[in-house]
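The primary structure of each chain is shown beneath.
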Amino acid sequence: MAAAAAGSGITREEEGPGGEAAAPQPQAPTNTSGTRLSRLPLARVKALVKADPDVTLAGQEAIFILARAAELFVETIAKDAYCCAQQGKRKTLQRRDLDNAIEAVDEFAFLEVICKVIILQQSDSLLAYINLLGILD
């Protein structure tokens, strides 16, 4: 078994428990200068994709494209929210800056419902905590 691993270029650490080669962890592709093309950890993105019960297999290229799309989305909404913060003479992003960016940009309209649900969940959690403490009784 060790001879087969030695002949295949697989080190002992890369072998699985039965002596077979362990599945490689997803690695971010690099460009010619050696810098990563994706800032998000691909293993985490893959875990999120696999959390969807409708997804059975996800290829490396698909995971990379999803990671890159998520980066671009976060970058875009962060820039728009930062513009809202600058209009308020601030440099620190606040929740209301994200809310303003979501309202101002049509492409973010799908987030309006999600944000309202999150606010309701937070307020329900706060009310449950207040009730637990007996403050309003």
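- Where an unreviewed UniProt entry is consulted, the protein appears under the name DNA polymerase epsilon subunit 4, with the organism given as Orycteropus afer afer.
- UniProt, in the comment section headed Subunit (unreviewed entry), describes the protein in these words: "Component of the DNA polymerase epsilon complex consisting of four subunits: the catalytic subunit POLE and the accessory subunits POLE2, POLE3 and POLE4. Interaction with POLE3 is a prerequisite for further binding with POLE and POLE2."
- Listed in UniProt under the heading Subcellular location (unreviewed entry), the comment for the protein reads: "Nucleus".

**Details of the overall build of the protein**
Argument step 1. Check the secondary structure of the protein and you find five helices and zero strands.
Argument step 2. When the helices and strands of the protein are listed from N to C terminus, the series reads α-α-α-α-α.
Argument step 3. For the protein, the proportion of its 137 residues judged to be buried stands at 20%.
Argument step 4. Within the protein, residue pairs in contact and separated by at least 24 positions form 27% of the contacts whose partners lie at least 6 positions apart.
Argument step 5. Summed over all atoms, the accessible surface of the protein reaches about 10500 Å², with 61% contributed by carbon and sulfur.

**Details of the nonpolar core**
Argument step 1. Ranked by size, the top nonpolar core spans six residues in total: Leu 42, Val 45, Val 49, Ala 58, Ile 63 and Ala 67.
Argument step 2. Among the elements of the structure, helix H2 (42-50) and helix H3 (60-87) are those that each provide at least two residues to this core.
Argument step 3. In terms of residues, this core owes the most to one element, H2, which gives three residues.
Argument step 4. Beyond its immediate stretch of four places on either side in the chain, Ala 58 contacts Lys 46, Val 49 and Ile 63.
Argument step 5. Core analysis: the next-biggest nonpolar cluster, separate from the first, contains five residues, Ile 77, Ile 102, Phe 108 and Cys 115 among them.

**A look at helix H4 (residues 95-104)**
Argument step 1. Buried residues of H4: Asp 97, Ala 101 and Ile 102, and no others. Axial view of H4: buried residues confined to an arc of 135 degrees, hence all on one face.

What counts and how
- Residues numbered from 1 in each chain as written.
- Predicted model: local features only at pLDDT ≥ 70, side-chain atom pairs only at ≥ 80, totals over all residues.
- Heavy atoms only, no water.
- UniProt positions renumbered as here; feature names shortened; annotations may be inferred.
- Helix = DSSP H or I, 4+ residues; strand = E, 2+ residues; numbered from the N terminus.
- Buried < 20%, exposed > 50% of the residue type's maximum accessible area, 1.4 Å probe, protein only.
- Contact = heavy atoms within 4.5 Å.
- Areas by Shrake-Rupley, 256 points an atom, 1.4 Å probe, with all protein chains shown as cover.
- Core = buried A, V, L, I, M, F, W, Y, C linked by side-chain atoms within 4.5 Å.
- Arc of directions from axis to C-beta.

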